[in-house]
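Coordinates in review
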Amino acid sequence: MWYHKPVITEELLQGLPNLKVVASSGVGIDHLDLNLLFSYGVKVSNTPFVVSTDTADLGMALMLASSRRLVEGYEIAVSPDTQYFPADWLGTEVSGATLGIVGMGTIGYKVAERAKAFEMKILYHNRNRRNEEEESAVGAVYCKKIDDLLRQSDFVLLSVNLTPQTHKLIGKRELELMKPTATLLNISRGLVIDQDALVEGLQNKVIKAAALDVTYPEPLPRDHPLLKLKNVIITPHIGSATKKTRRLMMENMTESIKTGLRGLPVPHEVV
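Per an unreviewed UniProt entry, the protein is named Glyoxylate reductase/hydroxypyruvate reductase, and its organism is Baryphthengus martii. The protein has a UniProt comment under Sequence similarities (unreviewed entry) that states "Belongs to the D-isomer specific 2-hydroxyacid dehydrogenase family."

Written as C-alpha cells, this is what we have:
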C-alpha cells in the first residue's frame, strides 16, 4: 500500500482469498482496520524506522521556516512590487527557545537531538518516560501533563501516532493554554489537531503561527481558510520524501512481502 491506497474493506478482502500480507508504507497505520485484517489471517507490516531521520529534518525545517518567516520573505524578495526591504520585518529566535515535543518516539527523539544543537530548552510529553540517560543526552525534561508543556513552550511539535486517544489531541482548550507568541508544528497526522479550532486560534491570535506537513483532508479544499492565513506554512505531507528514504521504504515493503509469502517472520510486523 502506497499513499494508503487501495482502501481495504471487507468486500475487498472477500475478493482476495489468498491474501497473506499487507505491506504499508510509512509509520502510521491509522488508515488500516487491523481487527478486520487479522480476522482474515492477514499479516500487516509498515516501515517505521527508515522515515524517522527525514521526518525529523522536516520538523526542524518547518520550525526554522515559520520562525524566520521564510515564505513571506521569499514573496517580498521576488515580488515585482518590492522597491525596498522593510527594516522592521522581523522573525522569532529559535536558538535558546523552548521546544515542547508531544510524542517522544523515534522521530520525536531525533528532533530533540537536532534541537539540542540550537541550544533549545527541550520539554517532552509521552506515554512512557524515557530513561535518564536518553533524557540527559538531549537535555530533555519530562512533562507528565501535556498542559505543563503547552504553557511553557515557544514551539510545540506534534509527533504522535493517530489513535483514538490522540484524535484531536490539540483543540480549543489546548491552544488557549499555549503562549500567544507560540508556534504549533505538526509532522504526525492532520487529525491530531482540531482544524476548526486551529483556524479560529490563528485568526484571533490565540497563538502566533502554525507549520503543518499534514492536514485533513489532504490536500485541503482550495477555499479552506488555512490556505488564506499568512501565519501558516503548509507542506504536502513530505516528511519522508527524499529519494533515498522512499527507495528504502519500498525495499522494506518488498522484503516483508517476500518473507510473508514464504511463511517466514515478517520484518516490522504490526501486532
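Don't stop here, the text continues.
Take the overall build of the protein next. The number of helices and strands found in the protein is 10 helices and 9 strands. Taking 18 Å as the expected radius of gyration for a compact globule of 271 residues, we find that the protein reaches 20 Å, a close match to that expectation. Taken along its principal axes, the extent of the C-alpha atoms in the protein is 65 × 50 × 35 Å. Considering only contacts in the protein between residues 6 or more positions apart, those separated by 24 or more positions represent 61%. When the accessible area of the protein is evaluated, it comes to approximately 14800 Å², of which 54% is carbon and sulfur surface. Put simply, the protein has 31 plus and 31 minus side-chain charges, and the middle of one group is 3 Å from the middle of the other.

Here the UniProt-annotated "domain: D-isomer specific 2-hydroxyacid dehydrogenase NAD-binding" (unreviewed entry) positions come out as residues 60-239. Counting secondary structure, residues 60-239 comes out at 32% helix and 16% strand; the distance between its end C-alpha atoms is 11 Å.

Counting across every chain of the model gives 1 aromatic pair. Geometrically, the ring pair formed by Tyr124 and Tyr142 is tilted, given 5.2 Å between the ring centres and 55° between the ring planes. Placement of Tyr124 in strand β4 (residues 121-125) and of Tyr142 in strand β5 (residues 140-142) is noted, with a sequence separation of 18 residues between them.

Right, let's get into the sheet that holds β4. With parallel pairing, the 7 strands of this open sheet are ordered in space as β5-β4-β3-β6-β7-β8-β9. Of all strands in the sheet, those with a lone pairing partner are β5 and β9 (232-234), marking the two edges. When strand polarity is set aside, the average angle formed by the axes of neighbouring strands in this sheet is 15°. Strand direction decides the pairing type here: β4 and β5, joined by 3 bridges, are parallel. Within β5, the residue paired with Leu123 across the bridge is Val141. This element, helix α9 (residues 195-203), spans β7 (183-186), β8 (209-212) and β9 of the sheet and lies at about 140° to β8.

The α-helix winds at 3.6 residues per turn, so residues separated by three or four positions along the chain end up facing the same way. Those residues of α9 that fall on the buried side of the exposure criterion are Gln195, Ala197, Leu198, Val199, Gly201 and Leu202. Buried residues in α9 make contact with α8 (172-177), β7, β8 and β9. Its side-chain oxygen placed 3.2 Å from the backbone nitrogen of Asp196, Asp194 serves as the N-cap of α9. In the segment just after α9, Lys205 is the residue with positive phi, at about 60°.

The rules behind these values
Residues numbered from 1 in each chain as written. Predicted model: local features only at pLDDT ≥ 70, side-chain atom pairs only at ≥ 80, totals over all residues. Heavy atoms only, no water. UniProt positions renumbered as here; feature names shortened; annotations may be inferred. Helix = DSSP H or I, 4+ residues; strand = E, 2+ residues; numbered from the N terminus. Rg over C-alpha atoms; globule rule 2.2 N^0.38 Å. Contact = heavy atoms within 4.5 Å. Areas by Shrake-Rupley, 256 points an atom, 1.4 Å probe, with all protein chains shown as cover. Lys, Arg positive; Asp, Glu negative; His and termini not counted. Charge placed at Lys NZ, Arg CZ, Asp CG, Glu CD. Phe/Tyr/Trp six-rings, centres within 6.5 Å; stacked < 30°, edge-to-face > 60°. Pairing = 2+ DSSP bridges. Axes fitted to C-alpha atoms, helices over the stretch in contact; angles between N-to-C directions. Buried < 20%, exposed > 50% of the residue type's maximum accessible area, 1.4 Å probe, protein only. Polar contact = N/O pair within 3.5 Å; in protein donor to acceptor, adjacent residues only side chain to side chain.

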